[in-house]
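# Structure assessment
One-letter residues, chain by chain:
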Amino acid sequence: MKQITLDIRSLHVYYDSFHAVNNVSMTILEHTITSIIGPSGCGKSSFLRVMNRMNDLVPHARIMGEVLFRGANIYAKDMCEIELRRRIGMVFQKPNPFPFSIFDNVAFGLRIQKKHNKTFLRERVEESLRRAALWDEVYDRLHQSALELSGGQQQRLCIARALAIYPDILLMDEPCASLDPKATKRIEELLEKLKEEITIVIVTHNMQQARRISDYVAFFHTGELVEWGTSEDIFDHPQKQLTKEYTQGLFG
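The following refers to the structure shown.

What counts and what doesn't
Residues numbered from 1 in each chain as written. Predicted model: local features only at pLDDT ≥ 70, side-chain atom pairs only at ≥ 80, totals over all residues. Heavy atoms only, no water. Axes fitted to C-alpha atoms, helices over the stretch in contact; angles between N-to-C directions. Helix = DSSP H or I, 4+ residues; strand = E, 2+ residues; numbered from the N terminus. Parallel < 35°, antiparallel > 145°, perpendicular 65-115°, else oblique. Left-handed = near helix turned anticlockwise from the far one by under 90°. Contact = heavy atoms within 4.5 Å. Nonpolar A, V, L, I, M, F, W, Y, C, P; charged D, E, K, R; others polar. Pairing = 2+ DSSP bridges. Buried < 20%, exposed > 50% of the residue type's maximum accessible area, 1.4 Å probe, protein only. Patch = residues over 30% accessible without salt bridge, like charges linked within 9 Å, V, L, I, M, F, W, Y side chains within 5 Å. Areas by Shrake-Rupley, 256 points an atom, 1.4 Å probe, with all protein chains shown as cover. Salt bridge = Lys/Arg side-chain N within 4 Å of Asp/Glu carboxyl O.

Contact pair helix 4 (residues 118–131) / helix 6 (residues 151–163): the axes reach a minimum separation of 8 Å and the direction vectors enclose 130°. With respect to their mutual orientation, helix 4 and helix 6 come out oblique. As helix 4 runs across helix 6, the sense of the crossing is right-handed. On helix 6, the residues touching Ser128, Leu129 and Arg131 of helix 4 are Leu157, Ala160 and Leu163. Here the residues of the contact of helix 4 with helix 6 sort into 4 nonpolar, 1 polar and 1 charged.

Taken in spatial order, the 4 strands make up an open sheet running 2-1-4-5, and their pairing is antiparallel. For this open sheet the edge positions go to strand 2 (18–29) and strand 5 (72–73), each flanked by a neighbour on one side alone. Bridging between strand 1 (residues 4–15) and strand 2 involves 8 bridges; their strand directions are antiparallel. Counted as the bridge partner of tyrosine 14 is histidine 19 from strand 2.

As for its placement among the helices and strands, arginine 131 is situated in helix 4. We classify arginine 131 as buried; its relative accessible area is 17%. With residues up to four places along the chain from it excluded, the contact list for arginine 131 reads Leu163, Tyr166, Leu190, Leu194, Glu197 and Ile198.

What follows is about the packing of helix 3 (residues 102–112) against helix 6. Direction vectors running N to C along helix 3 and helix 6 enclose 35°, while the axes themselves pass 7 Å from each other. Two packed elements cross with a definite hand, and for helix 3 against helix 6 that hand is right-handed. Counted together, Ile102, Asn105 and Val106 of helix 3 and Leu157, Ala160 and Arg161 of helix 6 form the full contact between these two elements. When the residues that make up the contact of helix 3 with helix 6 are grouped by side-chain class, the tally is 4 nonpolar, 1 polar and 1 charged.

Attention now moves to a nonpolar patch on the surface. Together, Phe100, Phe108 and Ile112 make up an exposed nonpolar region whose accessible area comes to about 270 Å². Mapped onto the fold, phenylalanine 108 is located in helix 3.

A word on the pattern of salt bridges. Per the counting criterion, the structure on display carries 16 salt bridges. Ionic pairing is found between glutamate 137 and arginine 156, a salt bridge with its closest N-O pair at 2.8 Å. Residue glutamate 137 is found in helix 5 (residues 135–138), and its partner arginine 156 is found in helix 6; the two are separated by 19 residues along the sequence. We classify glutamate 137 as partly exposed; its relative accessible area is 25%.

Here you go:
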């Protein structure tokens with residue numbers, strides 16, 4: 001039986017007076033892919049950013065409720081945000097490689113942790129690029145600029161950079177939105193393999209993608225969690241009419 005990695009309880013997110021996420025409770029199980037779906041502006045990204053306290057960096061954001069990571073409240077006063085973000089990594093919609101070499105991009109987080117041993121760095125960079133299914137494409141040009149990579153390669157590089165510090169959870173906000181179908185397929189195949197090692201939560205507008213890769217799906221609408229369940233339940237046997245209409249493409 002899979003363990004609960006994240007337990008979200010009565011979560012509210014406000015930006016000043018705007019109520020972006022309204023009383024959401026759900027759990028994220030280890031070694032699964034959970035897709036967050038819903039129309040634009042429904043609170044998906046706000047919900048995702050709560051899970052590693054990225055909303056701390058947003059002016060006037062206010063959080064109510066609890067987010068328990070392996071039983072510990074991540075919003076407790078004694079929680080270290082830096083350590084939290086090491087264990088709960090994030091990949092954004094647009095690939096954002098740093099203007100460094102491929103090698104230095106992957107090694108970036110390790111060096112921040114004051115890990116400078118050259119042999120260790122070489123081994124971890126190779127391992128991370130292999131885990132991100134990128135090593136075979138870049139092994140002979142590790143010291144070239146990451147900005148020379150294609151969009152799909154840049155996104156896999158960002159995934160490798162996140163994996164290098166061994167996160168427990170990987171949060172992904174529309175990671176394939178700017179990629180072509182071929183690159184999207186590579187990312188999806190990668191996520192299917194990675195879930196054997198880590199837990200993945202992904203925001204996506206692509207219903208076909210959510211159906212293909214998800215173990216669980218959460219449907220948001222106007223800041224509320226309308227329905228949450230297995231991918232089969234949400235797409236084939238939804239309990240709510242609104243869920244049925246959205247997954248059938250009748251709005252959104």
